[in-house]
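# Geometric and topological summary
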Amino acid sequence: MHAITYLRNMASRKKTLLKVIILGDSSVGKTSLMNQYVNRKFTNQYKATIGADFLTKELTVDDRTVTMQIWDTAGQERFQSLGVAFYRGADCCVLVFDVTAPNTFKSLDSWRDEFLIQASPREPENFPFVLLGNKVDLEPRAISSKRAQQWCQSKNNIPYFETSAKEGLNVEQAFMAIAKNALAQQNSTVDLYNEFPDQIKLTNTQKPSGGSGCCQ
Amino acid sequence: MDQLPTEFDVIIVGTGIVESVVSAAASRVGKRVLHIDRSDYYGGQWASFSLESISKLHEEQIERKNIINSSHIEHSGISEFVELGNKLFDIKNIECTWHVQSKTDTEQSKESTEMNDSDLIQNLVPNEEQHTQETVTWTKEALLKESRKFNIDLVPKLQYARGDFVELLISSNIARYSEFRSVSRVLTWLNEHLEVVPCSRSDVFSNNKVSVIEKRMLMKLLTSLEDVEKDLSGCKDKTYHNYLKEKKLTPNLIHYVLYAISMSDNNTLCEQGIKQTRRFLGSLGRFGKTPFLFSMYGSGEMPQAFCRLSAVFGGIYALGQPMKGLTISENKFKCLLVNDQKLTAEHLVLNLEHAPKQFVDLKKLEYISRCVLITDRSVMSSEKEHLTLLLYPPENDKNSVIMIELGTLTGTCPKDLYLVHMTTRQKTNPKEDFLHIINNIFNINHKDTESEKPKVLWVCYFSLPDFLSSDVKQNVPDNVFLGTGPDIDSDYDFSVKQAKEIFSKMYPEEEFLPRAPDPEEIVIEAEDEEIEDKDMADKQTDQKDEATDGEVKQKAETKDTETKQKAKTQDTETLENVEKKQVDH
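Residues numbered from 1 in each chain as written. Chains lettered and ligands numbered in written order. Predicted model: local features only at pLDDT ≥ 70, side-chain atom pairs only at ≥ 80, totals over all residues. Heavy atoms only, no water.

## Description of the overall build of chain A
Counting secondary structure elements, chain A contains eight helices and six strands. When the helices and strands of chain A are placed in sequence order, the string is α-β-α-β-β-α-β-α-α-β-α-β-α-α. Every one of the 216 residues in chain A was classed for burial, and the buried ones make up 59%. Across chain A, every contact between residues at least 6 apart in sequence was considered, and the portion connecting residues at least 24 apart equals 71%. Counting only carbon and sulfur atoms, one obtains 50% of the accessible surface of chain A, whose full area is about 9,000 Å². (Helix = DSSP H or I, 4+ residues; strand = E, 2+ residues; numbered from the N terminus. Buried < 20%, exposed > 50% of the residue type's maximum accessible area, 1.4 Å probe, protein only. Contact = heavy atoms within 4.5 Å. Areas by Shrake-Rupley, 256 points an atom, 1.4 Å probe, with all protein chains shown as cover.)

Laid out in structure tokens, this is it:
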């Protein structure tokens, strides 16, 4: 009985989980972008991501159902204190800057470097990044599309989207591209942990048989 | 860079496991928390390091202490200034040695790349035979190239599947930030050989080293010990060893139960031994074949998981902060001096390592001997990669040793290599404490090229203070609490207990780490465009004032009934052996 349930679970779980992390300076709109995409909601009130953890969304990419788990920095980026644990197992890294704040654009290099050092992906040169220039609804604009695109080209052609989390502009499209890139990454790299996928997530479950396996 | 906010409910210095648990618990109930560390990494003495950075551990420690000594600060007014940090709990006897050549140049003279004594590399020139067997010849250069694939724990921990720590991870929902692997076999050193310890019922019956009669004896004993109601009066004033002898067990069975299953030694008292046996038995059959779990990417992930929860609930994180000291007035902590800022809080939690020396009254200090090896194969070869726990019994004048062998699937070392952690109560010094094991199980000098024993490519010894066996009295102001460092126990139960105590002293009315809502349970309310956008950046600095207790709690509110229902349905499910990212082919 037990084994049957388990096998069935395995079969039905033949879907993909993508871990996406969002990086960028404080207040560029990382949490807002996530919320707009997953909950279609926007709040102007800046709360430095209290309660923001990760959001999950199921979507279909090329006829495949994938679950995208989007991880927020939880504010730990503010004083450069994102620990290495945050970067583990990322399939795609989304870099965000604020098109009205030049400093947030200047930081992109260091965020990208930080990611590559901390996550140390197997093929750093091919790891998928996506760049989002957020707050295009605001004036005055400090970083032109051209400038952002040039930066992307210099980094092995990172896809670039101009978004407004507030108005929901381009958010859907951007995350679709993020999912596609993450998926392509997963398919192209032979992931050791996929071959031996028996790592354990602790859940609130116990074996129904109960007791120890030893002496009963 | 932003200035730090200056007012908090609690400031926590140090990111070891105790401080991290306190931080998560305080943020979780809506306290304004600043969590700060002098180092630019998480974990302090609980951290995991890359190969390169652990090799620099010694230098870093010296550097850090020099900073402490060089800071001179004037007294100001009525309050007393106290410098942070002490040298009492430093890591000692650090000695890392390479046992491979620097580069793949066979012409290169054999050299040890680090200062060391006599037991240096011997003959490492690969012979023809090895080449035909496709043996990889590792070099220092090649290993350092993989430096970041190593996550080398200072304090490797195994969790009992039904232990307090695992229950806490689950009940608090912090489990979502971590992944584990189950220890897949338990070994021991018995009659000059490595033997598999029969853990579960099926192990006992499939074990061909144990006779049928022994099997019955063992099952009978374990069944009787499992009975919690059982009267332990026959156990008084007796060692566990004697108790087992009286049960007329064979020497081999006594070995399995005493040294492996209960992780006891010859002096362990009977009651304690039984308690530890039950702990082992009680954790069987939950998450894998043995009772133990190991955190993916190393034990250094654990403090970070708690810090993540703290951050999610508004805790402010600042690593790499130069801290000058703190001021005390009327036996109360007043403010912490960080950079040029004065930070105030009602409570201060300090890791003992960071504590001013006048806060610490050291009665007795015991040490843990540690040894870390990088090897080229497992101690017991097998088709699949194992995560091995090896319990080495006490021998002559040596204490018993806990060894954990990790392969690449744990995310702590590169492919084709193994990382071996050894831990014991220090007797003389780490090098001597482990010498017999290294000689028995490993091939350290590479003298014997035919040897099947794992070749040691790199070895590192060090000593850590053991706060479980030490006697440290605290001499602190009323609103200051000290968090302890590493301990010899295999899991985090001691640390969690410390953290709980600190938390309940600060907030006696508050619940300790209630379940955090799942992200889907947090309702984000959309708002109209009332606030000027340009205000947003300004609000950042005082976001903490906005986030009052009430607000945080409201955010964290769970839909109670829904949650309970959910928990109920989950009860009938089996353990999720999540096939993370399984790709549909």
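Back to the text.
## Observations concerning the packing of helix 8 (residues 212-226) of chain B against helix 11 (residues 270-282) of chain B
All names here are of chain B. At a minimum axis distance of 9 Å, the contact between helix 8 and helix 11 shows a crossing angle of 100°. Viewed along their axes, helix 8 and helix 11 adopt a mutual orientation that is roughly perpendicular. When helix 8 is examined against helix 11, the residues L222, L225 and E226 are found in contact with a partner set consisting of I274, T277, R278 and L281. By residue class, the composition of the contact of helix 8 with helix 11 is four nonpolar, one polar and two charged. (Axes fitted to C-alpha atoms, helices over the stretch in contact; angles between N-to-C directions. Parallel < 35°, antiparallel > 145°, perpendicular 65-115°, else oblique. Nonpolar A, V, L, I, M, F, W, Y, C, P; charged D, E, K, R; others polar.)

## Things to note about the environment of E162 of chain A
Residue and element names in this part refer to chain A. Tracing the chain through its elements places E162 in strand 6 (residues 160-162). In this structure the C-alpha to C-alpha distance between E162 and A52, which are 110 residues apart in sequence, comes to 23 Å. Once you skip the residues sitting within four places of it in the chain, E162 turns out to touch G133, V136, R141, S145, L169 and N170. Within the structure, the side chain of E162 is placed 2.4 Å from the side chain of R141, a separation counted as a polar contact. (Polar contact = N/O pair within 3.5 Å; in protein donor to acceptor, adjacent residues only side chain to side chain.)

## Examining the sheet that holds strand 20 (residues 456-474) of chain B
Residue and element names in this part refer to chain B. Across the sheet, which stays open at both edges, the eight strands sit in the order 5-20-16-19-18-17-9-10 with mixed pairing between neighbours. In this open sheet, the two edge strands, each paired with only one partner strand, are strand 5 (92-98) and strand 10 (193-196). Here the average twist between neighbouring strands, direction ignored, is 20°. As judged from the five bridges shared by strand 5 and strand 20, these two strands associate in the antiparallel manner. Bridge pairing in strand 20 links C96 to C460. (Pairing = 2+ DSSP bridges.)

## Topic: the UniProt feature "domain: RAE1/2" (unreviewed entry) in chain B
The UniProt record marks residues 368-487 of chain B with the feature "domain: RAE1/2" (unreviewed entry), using the residue numbering of this structure. Annotation note: span residues 368-487 of chain B, helix share 10%, strand share 42%, distance between end C-alpha atoms 8 Å. (UniProt positions renumbered as here; feature names shortened; annotations may be inferred.)

## A closer look at empty space enclosed by the protein
Sizing a probe to match a water molecule and rolling it over the atoms shows the empty space that remains. All names here are of chain B. For the coordinates displayed, the defined rule picks out seven cavities of 30 Å³ or more. Put simply, the second largest cavity is a space of about 130 Å³. Forming the boundary of the second largest cavity are 15 residues, of which P156, T423, I488, D489 and S490 lie nearest the centre. Of all the secondary structure elements, the ones that give two or more residues to the lining of the second largest cavity are strand 16 (360-375) and strand 18 (401-406). Its residues placed into classes, the lining of the second largest cavity shows nine nonpolar, two polar and four charged. (1 Å grid on protein atoms, 1.4 Å probe; cavity = no way out; pocket = protein on both sides within 12 Å on 5 of 7 lines; lining within 4 Å. Points joined across faces, edges and corners; volume = space filled by probe spheres on them.)

## A word on the state of the cysteines
Summed over the entire model, instances satisfying the criterion amount to one disulfide over all chains. A sulfur-sulfur separation of 2.3 Å characterises the disulfide bridge that pairs C96 of chain B with C460 of chain B. Here C96 of chain B, found in strand 5, pairs with C460 of chain B, found in strand 20; they are 364 residues apart in sequence, far enough to count as distant. The class for C460 of chain B is buried, based on a relative accessible area of 0%. In this model C92 of chain A remains outside any disulfide bridge; the closest cysteine sulfur is found in C93 of chain A, 7.0 Å from its own. Under the relative-accessibility criterion, C93 of chain A is labelled buried at 0%. (Disulfide = S-S within 2.5 Å.)

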